[in-house]
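Understanding the architecture of this molecule
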Amino acid sequence: MIVLTASALTAGSATAQTIALTGVRLIDGRGGVPVDDATIVIANGRIVAAGKVAVPAGAERRDYRGRTVMPGLVSDHSHVGQVSGTETGAQNYTRANIVAQLAQYRRYGVTTVTALGNNGPAFVGIRADAHAGRIDGADLFGVMQGIGVPNGAPPQAMLKVGPDQLFRPSTPDEARKAVAMMAAEKTDLVKLWLDDFGGSVPVKMSPAIYRAVIAEAHARGLRVAAHIHDLADAEAIVAAGADIIAHGIRDTSVPLAFAATLKAKGIWYTPTMQLDEATFAWADRAPWTQTPFARAALSPALAHQVDDPAWRAKILADPKTADARKSLAMNLRNLKTLYDAGVKIGFGTDSGASAVRVPGIAEHRELSLMIEAGLTPAQALRVATAAGADLLGLHDRGVIVAGMRADLLIIDGDPSRSIADADRIVETWVAGRSAPF
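Since the structure is predicted, the reported quantities are computational estimates derived from the model, not experimental observations.

Calculation rules
- Residues numbered from 1 in each chain as written.
- Predicted model: local features only at pLDDT ≥ 70, side-chain atom pairs only at ≥ 80, totals over all residues.
- Heavy atoms only, no water.
- Helix = DSSP H or I, 4+ residues; strand = E, 2+ residues; numbered from the N terminus.
- Rg over C-alpha atoms; globule rule 2.2 N^0.38 Å.
- Buried < 20%, exposed > 50% of the residue type's maximum accessible area, 1.4 Å probe, protein only.
- Contact = heavy atoms within 4.5 Å.
- pLDDT = per-residue confidence, 0-100.
- Axes fitted to C-alpha atoms, helices over the stretch in contact; angles between N-to-C directions.
- Parallel < 35°, antiparallel > 145°, perpendicular 65-115°, else oblique.
- Left-handed = near helix turned anticlockwise from the far one by under 90°.
- Nonpolar A, V, L, I, M, F, W, Y, C, P; charged D, E, K, R; others polar.
- Pairing = 2+ DSSP bridges.
- Salt bridge = Lys/Arg side-chain N within 4 Å of Asp/Glu carboxyl O.

Focus: the overall build of the chain
The number of helices and strands found in the chain is 14 helices and 18 strands. Over its C-alpha trace the chain gives a radius of gyration of 21 Å, about what one expects of a compact globule, namely 22 Å for 437 residues. Taking all 437 residues of the chain together, 58% fall into the buried category. For the chain, the proportion of contacts with a sequence separation of at least 24, taken over those separated by at least 6, is 70%.

Description of unusual backbone geometry
Along the chain, Ala-153 connects to Pro-154 via a cis peptide bond; the corresponding omega equals -15°. Tracing the backbone through its elements, the reader meets Pro-154 in the loop between strand 10 (139–144) and helix 3 (156–159). Residues other than glycine seldom take positive phi values, yet Asp-350 does so here, at roughly 65°. Inspection of the secondary structure puts Asp-350 in the loop between strand 15 (344–345) and helix 13 (361–373). A positive phi angle is found at Ala-431, which is not glycine, with a value near 50°. With respect to the helices and strands, the residue Ala-431 is situated in the loop between strand 17 (425–430) and strand 18 (433–436).

A look at the confidence of the model for the chain
For the chain, mean pLDDT is 95; residues scoring 70 or higher make up 96% of the total. Across residues 1–16 the pLDDT falls below 50, and counting only partners more than four positions away or on other chains, this stretch makes 31 contacts in the model.

Some remarks on the packing of helix 8 (residues 274–284) against helix 12 (residues 319–340)
At a minimum axis distance of 8 Å, the contact between helix 8 and helix 12 shows a crossing angle of 125°. If you check the angle between helix 8 and helix 12, you find them oblique. As for how helix 8 packs across helix 12, the hand of that crossing is left-handed. Contact residues: helix 8 offers Asp-276, Glu-277, Thr-279, Phe-280 and Asp-284, while helix 12 offers Thr-321, Ala-324, Arg-325, Ser-327 and Leu-328. Partitioned by chemical class, the residues of the contact of helix 8 with helix 12 number three nonpolar, three polar and four charged.

Concerning the sheet that holds strand 13 (residues 244–245)
Read from one edge of the open sheet, five strands run 11-12-13-14-15, paired in parallel fashion. The sheet is open, and its two borders are formed by strand 11 (190–193) and strand 15, each paired with just one other strand. Bridge count for strand 12 (residues 224–227) against strand 13 is two bridges, and the pairing is parallel. Paired with Ala-226 across the two strands is Ile-245, which belongs to strand 13. The strands touched by helix 5 (residues 207–219) are strand 11 and strand 12; relative to strand 11, the strand with the most contacts, the crossing angle is about 175°.

Quick look at the environment of Leu-102
Structurally, Leu-102 is set in helix 1 (residues 95–107). Between the alpha carbons of Leu-102 and Gly-360 there is a distance of 9.5 Å; along the sequence they are 258 residues apart. In this structure Leu-102 touches Val-80, Val-113, Ile-126, Ile-135, Gly-137, Ala-138 and Leu-140, once residues within four positions along its chain are discounted.

Section: the pattern of salt bridges
The final tally for this structure, using the stated rule, is 27 salt bridges. With a shortest N-O distance of 3.2 Å, Asp-188 and Arg-127 are connected by a salt bridge. In this pair, Asp-188 is assigned in the loop between helix 4 (172–184) and strand 11 and Arg-127 in helix 2 (residues 122–131), connecting sequence segments 61 residues apart. Of the residues examined, Arg-127 reaches a relative accessible area of 7% and is grouped as buried. For Lys-177, the salt bridge identified is with Asp-173, shortest N-O distance 3.4 Å. With Lys-177 and Asp-173 both in helix 4 and four residues apart, this pair spans about one turn of that helix. One salt-bridge network, held together by shared partners, links Asp-139, Asp-396, Arg-397, Arg-405 and Asp-407.

Written out as structure tokens, the structure reads:
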């Protein structure tokens, strides 16, 4: 488990670095009622005080009256370095590309990103620089490589990853060695791929392999996230001891008995609903895809692609698109069932795994899809902030209280009333450093 404990900061005399954000509507990430006309005091990258608090003498005042301040979004399932423009492949796994993607995440208010697998050696140094604030973008955590299947998931023809970005063990001993190598690289989690991608790959991971992965990971103090699609695979991997279901169950309704099992075992469930929505929404020219907020996130190559009538017609005619629509509908229903049952819900989108799962935009769409599923704005915002941090075991972010990192999203509106207001970004802050949208 990742555990970062924030050192306590006490409010005293102000220093040159002390900043007070005044007059704000405060959404602290814990799911309660927003506090109007609140103050947030920041010093040395941390929150000193928040709420109905006094401004320290000598602090720099910044008036944000009429605006909302909430914690930065925490993604539990994204990817970096897999896509550039519209192309996917190992050639994109470069420091420059990854740093640019982290900057885009941060611009859209995603201040912590978990790259859930397919990472190469460069990841270690980039992650260290992100943690140290040497990158002007989102903080970065993730899974080194990950555990796939020979001739199976994840499909090489789809991802085109390099040999240093994924393990495909064929025996339990090879699986244990792969986990040991990931642990030596200080992976934050372990991921395995159990799905057969709609029958498009000929084999699935055997129980002997995934049991070896889980046992070795747990022996080394690491938790395991599993890529699944179907209920049967989710049930099997939970029975084997996995800690995180990394995608929503999309083939059938989740039985209440399985929901009870997830709750009793404390299993995290990350629905990644935007994964399926992105498959068809750009081709549909859904209204949200035409907004300046969404269009500003597109590379020139991707903008050209989604505007191409021939590309859109091809996508809409593909049988996989109809499957994605059905999967999304089931995912929405299952999220509400599991949320109401008290299952721990994480926040992720699989953004960055394909060109149309656009970093930053995908996360804002996931918020809207949670509302469509039946969650309230307050519930969705808590999933995307406090719960997202809890899944990662990060105890220094996700809420706006004294001692936490000053990872903030400043909004011209009130997303606790209308989740669409979350798109009206004014500024983002990462560890006390602000930047305009």
